[in-house]
Amino acid sequence: MSRLRDALSRFPVARLTTTRWVAVVAALLSSPALFHGFEVDDRLHRQAALGVGRFGDMSSSPFDMFTFFTGDPARTSRYIDHGFTPWWTDPHVRVSFLRPLSSLLHWFDHHVLRHAVAIHAHSILWYVLVVVAAATLYRRLLGATWVAGLAALMYAVDHTHGLLAGWIANRNATVAGAFALAAVVLHDRARKERSTRDAVLASFALGLALFSAEAGLGIVGYLVAHAFTLERERGARRLRGLVPYAAPLLLWAVVYKLGDHGARGSGLYIDPGRQPVEWLRRVVQHEPLLLGGELGVPGIDFHPFLGASGRAVLLAACLAVLAAFAIAIAPLFRRDATTRFFVIGAALSALPACATFPSSRLLLLPSFGLLGAVAQLFAAWRDRAEWLPARQPRRALTIGMAAYEGFGHLVLSPIVFILALNQMVLFEGVVERHARGLPDDPRLSSQRLLIVNAPDAAFASYITILREDRGQVVPAKLLVMGVGVRPLELVRLDDRTVTLASAAGLVGDSTDRLTRGYEPFIVGEVVKLSDLTVEIIEVNADGVPTVVCFSFARPLENEAFRWMQWKDQTLAPFTPPKVGERVSFPAQTIQIGP
């Protein structure tokens, strides 16, 4: 351990981690994304921006490309009928994000840049701007020191940023992040240099962040932390520096409310303004997961897909790492205002992210503060700081956390960054593998595709979108009857009727709840489509349907239907059983990769 520390003492970190160099590192690390092409949601945005394809009418203007469900039952019913969303979707569901600036950038992508390589370069540019803003702020707070350079380098290669740098559809987070961190840079300059001009610019930058993505709201946590940790004034007077931000926040809130933005009827997304109690419950559960994931606990992206025991283990691991980090950083937290700014700002910035499911892509702003604190902890170990505890086992814990975080963020993070950069490529590969199972049969264009046990109901429509983008024949309509990650049993009652049952429940957690909240289903509830009806026959104690009846307008063997099943990791033909017979489908696992 001492040899490693001595080697690091001789390493010219300050020369290698200036703002210019960390920008180069960020660009080079992100550059493989240039050759990814369009991935899943990117294709949906392309259709919406150009007004082409089945869902080209999803966007009403270049400023509104993130309203997926409007709350209009007629429009939602059409989406259900065409298979864009599953049959259990709440007809009144609304998922509408206020992201006009990011929307306009997507419109620019597909009308001006057009080629996927150029559009990915555009996204990478925004990630580089985020890193430059972060490096500038670290330098202001930590001085022109190797510690500031180390923090900037760790931020540039952070494992939670890979998906953001590589996925065009999630660029809204980096756009918001760039403006948000710039707002703190300007705010810090305005407060320390008493600059009215910088205060106005900081307020404007905050407004741009807010109108880029809801994620921009997290930067308010750092502005508040700045007031209570870095201001020279005392008491309520330190809050005067926050007054300029009332205008952009009020404007954003008014536009958000008047435009009826937010989430309603979704289990994955909630609106804290409409559901404050549920949001607070999620804060208790999700905040430790988000912060623990940044500090090195793997697996938070799998949280929505885990069972109760798996979620409990993951939460326990995150709480343990957070407790160890808190003990290690406590002496520095007590004596150093900048450390307090980093830690408090990170914790506050994660609060808005708790309104949805835990994911590493939500950590662009929280990671800034945590990595600043990690760099200081690592520096204390390297420089043998006098505040390090003298007694064991606390000294061992502090040095152990410094080594663990330093190794993780300098060695492992770049590797995981590359893996995360390719996350949507892998997802696209899963969609493509299933799309290959569809025949290039002209008759498909006039048929309803019935998938008895699709891998995922919420994203099955990507099969159609992918084929449509490539000019291949696509089904007229699509219906996912059940999700194949759970065991299913299909029983044919007569020539036009089948039931589908699962003791585990036909509607689960995770993506199943994108368009349906957790309110209990009701026996007898009916969903009417253009050529069939779906009726809930039985529900379990939690109100989740366990038996559902599908009644078709024509016999099951009619040419209007194309029956398929998920088998051997692709779509394969399926023949409905004879009247009175049943077919069992064992639970399957989605294979990632070839």
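It should be noted that the structure appears before, not after, this text.
Residues numbered from 1 in each chain as written. Predicted model: local features only at pLDDT ≥ 70, side-chain atom pairs only at ≥ 80, totals over all residues. Heavy atoms only, no water.

(A) Inspection of the side chain of N453 at higher detail. Its location among the elements puts N453 in strand β4 (residues 448-454). Owing to a relative accessible area of 1%, N453 belongs among the buried residues under this scheme. A polar contact is formed between the side chain of N453 and the backbone nitrogen of W566, at a distance of 2.7 Å. Excluding anything up to four places from it in sequence, N453 contacts G482, G484, L488, Q565, W566, F585 and Q588. (Helix = DSSP H or I, 4+ residues; strand = E, 2+ residues; numbered from the N terminus. Buried < 20%, exposed > 50% of the residue type's maximum accessible area, 1.4 Å probe, protein only. Polar contact = N/O pair within 3.5 Å; in protein donor to acceptor, adjacent residues only side chain to side chain. Contact = heavy atoms within 4.5 Å.)

(B) Focus on helix α19 (residues 423-435). For α19, built from 13 residues, the straight-helix expectation of 18 Å at 1.5 Å per residue is met to within 8% by its first-to-last C-alpha distance of 19 Å. Inspection of α19 places M424, E428, V430, V431, R433, H434 and A435 among the buried residues, and these make up the whole buried set. Buried residues along α19 sit against α4 (41-50), α9 (162-166), α20 (461-469), β11 (561-567) and β12 (570-573). (Expected span 1.5 Å × (residues − 1).)

(C) Spotlight on the sheet that holds strand β2 (residues 94-96). Spatially, the three strands line up as an open sheet ordered β1-β2-β3, and their pairing is antiparallel. At either end of the open sheet lies a strand with only one pairing partner, and these are β1 (67-70) and β3 (262-264). Each strand of the sheet is rotated relative to its neighbour by a mean of 20°, with strand direction disregarded. Across three bridges, the pairing between β1 and β2 is antiparallel. Its bridge partner being in β2, T70 is matched across the sheet by R94. (Pairing = 2+ DSSP bridges. Axes fitted to C-alpha atoms, helices over the stretch in contact; angles between N-to-C directions.)

(D) Here's a closer look at the nonpolar core. Membership of the largest hydrophobic core comes to 99 residues, with the highest contact counts inside it found for Y138, Y155, L181, F325 and F368. Per-element accounting of this core gives the leading share, 13 residues, to helix α7 (residues 116-142). Apart from residues no more than four positions distant in its own chain, F368 is found in contact with A134, L137, Y138, L141, Y155, L181, Y222, F341 and F342. Judged by nonpolar contacts, the second largest core, of 71 residues, contains V93, L488, L529 and F552. (Core = buried A, V, L, I, M, F, W, Y, C linked by side-chain atoms within 4.5 Å.)

(E) Just the packing of aromatic side chains, in detail. Considering all chains together, one arrives at 26 aromatic pairs under this definition. Ring plane angle 85° and centroid distance 5.1 Å describe the contact between W87 and W88, whose orientation is recorded as edge-to-face. Centre to centre, the rings of F552 and W563 are 5.6 Å apart; their planes meet at 55°, and the pair counts as tilted. With F552 in strand β10 (residues 545-552) and W563 in strand β11, this residue pair connects regions lying eleven residues apart in the sequence. Take F552: its relative accessible area is 5%, and that puts it in the buried class. Three or more aromatic residues joined by ring pairs make a cluster, and in this case those are Y138, Y155, Y222, F341, F342 and F368. If you follow R99 out to its NZ or CZ, it ends over the ring of F97, 4.3 Å from the centre. Above the ring of F521, the side-chain terminus of R516 is found at 3.8 Å from the ring centroid. (Phe/Tyr/Trp six-rings, centres within 6.5 Å; stacked < 30°, edge-to-face > 60°. Lys NZ or Arg CZ within 6 Å of the ring centre and 35° of its normal.)

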